[in-house]
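Fold and contact review
These are the residues of each chain, in order.
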Amino acid sequence: MSAVVTAVPFATQSVSADPKVKSRIRGLNFYYGNLQALKNIDMVVYEHAVTALIGPSGCGKSTLLRCFNRMHDLTPHTRYEGEIRLYPDDVNIVSSDIDPIEVRMRISMVFQKPNPFPKSIYENVAYGLRVRGVKARSELDGRVEAALRGAALWEEVKDRLEEPGTALSGGQQQRLCIARALATDPEIVLFDEPTSALDPIATASIEDLIISMAGSVTILIVTHNMQQAARVSSYTAFMYLGELVEYGPTTELFTRPRHQRTSDYLTGRFG
Amino acid sequence: MPKQTEALEHQHIVRAFDEELSRLTGAIVEMGGLAERQVADAVRALAERDVELAAKVIETDRRIDDLEESIDQDAIKLLALRQPMAIDLRMIAMALKITNDLERMSDYAVSIAKRSQRLSEHPELRPIQQLPRIGQSCLSMVKDVLDAYVERDADKATAVWHRDSEVDELYTSLFRELVTYMLEDPRTISSCIDVLFIAKNLERIADHATNIAEKIVFIKHGTQINRPRHEVE
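Residues numbered from 1 in each chain as written. Chains lettered and ligands numbered in written order. Predicted model: local features only at pLDDT ≥ 70, side-chain atom pairs only at ≥ 80, totals over all residues. Heavy atoms only, no water.

Attention now goes to the overall build of chain B. Tallying secondary structure elements over chain B gives six helices and zero strands in all. Start at the N end of chain B and walk to the C end: the helices and strands fall as α-α-α-α-α-α. In terms of overall size, chain B behaves like a compact globule, its C-alpha atoms giving a radius of gyration of 20 Å where 233 residues would be expected to give roughly 17 Å. With the C-alpha coordinates aligned to their principal axes, the bounding extent of chain B is approximately 65 × 40 × 20 Å. Taken across its 233 residues, chain B has 51% of its residues classed as buried. Residue pairs at least 24 apart in sequence account for 82% of intrachain contacts in chain B once pairs closer than 6 positions are excluded. Carbon together with sulfur atoms contributes 52% to the accessible area of chain B, which is approximately 11000 Å² in total. For chain B, the centre of its 31 positive side-chain charges and the centre of its 43 negative side-chain charges are spaced 0 Å apart. (Helix = DSSP H or I, 4+ residues; strand = E, 2+ residues; numbered from the N terminus. Rg over C-alpha atoms; globule rule 2.2 N^0.38 Å. Buried < 20%, exposed > 50% of the residue type's maximum accessible area, 1.4 Å probe, protein only. Contact = heavy atoms within 4.5 Å. Areas by Shrake-Rupley, 256 points an atom, 1.4 Å probe, with all protein chains shown as cover. Lys, Arg positive; Asp, Glu negative; His and termini not counted. Charge placed at Lys NZ, Arg CZ, Asp CG, Glu CD.)

Below is the structure:
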């Protein structure tokens, strides 16, 4: 039978014909003590696209995400093997020669629960910039505004920048955390279940934001919500028991998975 | 083509979803069975000049329409409430298309039944004897494609798809015979036209059987939904 005739993609999150590779994972193993949580992962992450990691609890998707900014370094008895290469400079970010602080300058993260610092809205966003030595008030002002605009929060908070970040609503707090992640101009932003603590309206606004951010940054998102993965991502990886089972364009994976495990998981037949 | 999934053997975690899906499949099988019966009866009514049987075929149309409506509504509900993925999505989306094919088949059977009633008022034409043969070919396609649907058998469906040309050839040969007949005796023209339309309706019923065959292959493999004829011809 001849190949499938592909019409013009209808989704906003289309797959570009010749995507640039932002990062390449090769032979990645990860251990918590004796427990191997990731098994020989090989995968590419495409630049300026949203890539979703899905799979049942304990499949290793969050572990993989956390490798990207070396979060595991904070946990004792953990070990990385293999590599996560970051381009264009082709550096292995899980190598022990690389300073995790360097990695986190380039790859920032947004967590499940909004976790603003107990500081003002302004200082929440400016914090990373100050750490990096930005002192001039005019530059800070400009970049805080840009980050808040990037997180679609500026219009709501521009008159109350000195109020505590914790005074905002849940959805606003999460967008504040996204602004904080964006302020330092990262190359990749990691999202770990960013909407699981939010109501549907706030969820929709975060999803809309993620899709629009993908024009300028590369995004990796872990989600339990498969419809969310389907809505926001161009590529989806399905993981199970520490292995990457299937990876490909989201539209393909959700309509025509190649593997039985993926199909069972997507259709809710997982035992 | 990658090896395809066979997700049907597993149950859903949400059992109600399994029940809804099997109810949907069951309704399609019921509708298919009715349509098949209608076609068989229409052909028999024609061959045996049985006006009452023809009337029964015409009546069945209401039940087909009701089934189509309820299957379509159920499929829309499933799409909205279950957000199906992968093979479930393909099954439900194709349910919407298959009911359409079955409903058309039923309409053609009704049209055959009406013409057979009219033909029974006139002396029998010789070319009519060819119709049961076309009818049998096309009926066996309908029957096999419904079996393929129940068994989710893409190979069986593909075999039906390839048989469509048989019916096309029978139709073309009957068409030629009818033209000769009409030239010889213009008084038969009106009946001959009825016979011609009946043959055309049977040929269309076979086309809808091949459409359903394409949907079965899509449900199974997720590849092409509509397969153009010229790919093999």
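This part covers the overall build of chain A. Helix and strand content of chain A: ten helices and ten strands. Taken over C-alpha atoms, the radius of gyration comes to 19 Å for chain A, in line with the 18 Å a tight globule of 271 residues would show. Along the three orthogonal principal directions, the C-alpha set of chain A runs to about 60 × 45 × 35 Å. Put simply, chain A has 271 residues, and 52% of those count as buried. Across chain A, the fraction of contacts at a sequence separation of at least 24, relative to all contacts at a separation of at least 6, is 67%. Approximately 12200 Å² of chain A is accessible, and the part contributed by carbon and sulfur atoms is 53%.

All names here are of chain A. Taking strand neighbours across the sheet as the criterion, the four strands line up as 2-1-4-5 in an open arrangement whose pairing is antiparallel. For this open sheet the edge positions go to strand 2 (35-46) and strand 5 (91-92), each flanked by a neighbour on one side alone. The pairing of strand 4 (residues 78-86) with strand 5 spans two bridges and is classified as antiparallel. By the bridge assignment for strand 5, arginine 85 is matched with asparagine 92. (Pairing = 2+ DSSP bridges.)

All names here are of chain A. Sheet architecture is open: six strands sit in the order 6-7-8-3-9-10, paired in mixed fashion. The outermost strands of the open sheet, each flanked by one partner alone, are strand 6 (107-110) and strand 10 (243-249). Shown here is a sheet whose adjacent strand axes are inclined to one another by a mean of 20°, direction ignored. Strands in contact with helix 6 (residues 170-182) are strand 6 and strand 7 (188-192); relative to strand 6, the strand with the most contacts, it is inclined by about 175°. (Axes fitted to C-alpha atoms, helices over the stretch in contact; angles between N-to-C directions.)

Before going further, it helps to spend a moment on the pattern of salt bridges. A side chain with one charge may pair with a side chain of the opposite charge, provided their charged atoms come close. Under the definition given, this model contains 37 salt bridges over all chains. Two residues, arginine 143 of chain A and glutamate 139 of chain A, come together in a salt bridge whose shortest N-O distance is 3.2 Å. In this pair, arginine 143 of chain A and glutamate 139 of chain A are both assigned in helix 4 (residues 137-150), four residues apart and thus about one turn of the helix distant. Assessed through its relative accessible area of 25%, arginine 143 of chain A is described here as partly exposed. A residue is classified by how much of its surface remains accessible, and glutamate 139 of chain A, at 37% relative accessible area, is partly exposed. Across the pair aspartate 88 of chain B and arginine 269 of chain A runs a salt bridge, and its minimum N-O distance is 2.9 Å. Highlighted residues: aspartate 88 of chain B in helix 3 (residues 86-119) and arginine 269 of chain A in the segment after helix 10 (260-266), drawn from two different chains. Across the pair, exposure class does not vary: aspartate 88 of chain B and arginine 269 of chain A are buried alike. (Salt bridge = Lys/Arg side-chain N within 4 Å of Asp/Glu carboxyl O.)

In this section: the pairing of strand 2 of chain A. Residues and elements named next belong to chain A. Two elements, strand 1 (residues 21-32) and strand 2, share eight bridges in a ladder whose sense is antiparallel. Within strand 2, the position partnered with tyrosine 31 by the bridge is glutamine 36. If you look at the hairpin formed by strand 1 and strand 2, you'll find two residues sitting between the two strands, and glycine 33 has a positive phi there, around 60°.

A contiguous nonpolar surface patch, about 290 Å² in accessible area, is contributed by Phe175, Val179 and Leu183 of chain B. Looking at the element boundaries, phenylalanine 175 of chain B is found in helix 5 (residues 154-184). (Patch = residues over 30% accessible without salt bridge, like charges linked within 9 Å, V, L, I, M, F, W, Y side chains within 5 Å.)

This part is about the environment of isoleucine 212 of chain B. Residue and element names in this part refer to chain B. Following the sequence through the fold, isoleucine 212 ends up in helix 6 (residues 189-221). Taking the C-alpha atoms as reference points, isoleucine 212 and aspartate 101, separated by 111 residues in sequence, lie 6.9 Å from one another. With residues up to four places along the chain from it excluded, the contact list for isoleucine 212 reads Ile98, Asp101, Leu102, Met105 and Val145.

A few words on the environment of serine 216 of chain A. All names here are of chain A. Tracing the sequence through the fold places serine 216 in the loop between helix 7 (200-213) and strand 8 (218-222). For serine 216, a relative accessible area of 53% translates into the label exposed. Along the primary structure serine 216 and alanine 49 are separated by 167 residues, whereas in three dimensions their C-alpha atoms are 8.8 Å apart.

Attention shifts here to the confidence of the model for chain B. Residues and elements named next belong to chain B. Overall, the prediction assigns chain B a mean pLDDT of 90, with 94% of residues at 70 or greater. Low pLDDT (under 50) marks residues 1-8, which in the prediction has 27 contacts with non-local residues, meaning those over four places away or in another chain. The ipTM for the predicted assembly is 0.70, set against a pTM of 0.80. (pLDDT = per-residue confidence, 0-100.)

To continue, consider the confidence of the model for chain A. Mean pLDDT over chain A stands at 90; residues scoring 70 or higher make up 94%. Under a pLDDT of 50 for its full length, residues 1-12 of chain A has, in the predicted model, twelve contacts with residues more than four places off or in other chains.

Looking now at the packing of helix 1 (residues 15-47) of chain B against helix 3 of chain B. The relative placement of two packed helices is expressed as an angle between their axes plus a distance between the axes. Residue and element names in this part refer to chain B. Close contact between helix 1 and helix 3 brings their axes to 9 Å; oriented N to C, the two are set at 20°. Between helix 1 and helix 3, the angle falls in the class roughly parallel. Where helix 1 crosses over helix 3, the handedness of that crossing is left-handed. Classifying every residue of the contact of helix 1 with helix 3 by side-chain character gives 21 nonpolar, six polar and two charged. (Parallel < 35°, antiparallel > 145°, perpendicular 65-115°, else oblique. Left-handed = near helix turned anticlockwise from the far one by under 90°. Nonpolar A, V, L, I, M, F, W, Y, C, P; charged D, E, K, R; others polar.)

Positionally, arginine 23 of chain B belongs in helix 1. Between the alpha carbons of arginine 23 of chain B and tyrosine 108 of chain B there is a distance of 26 Å; along the sequence they are 85 residues apart.

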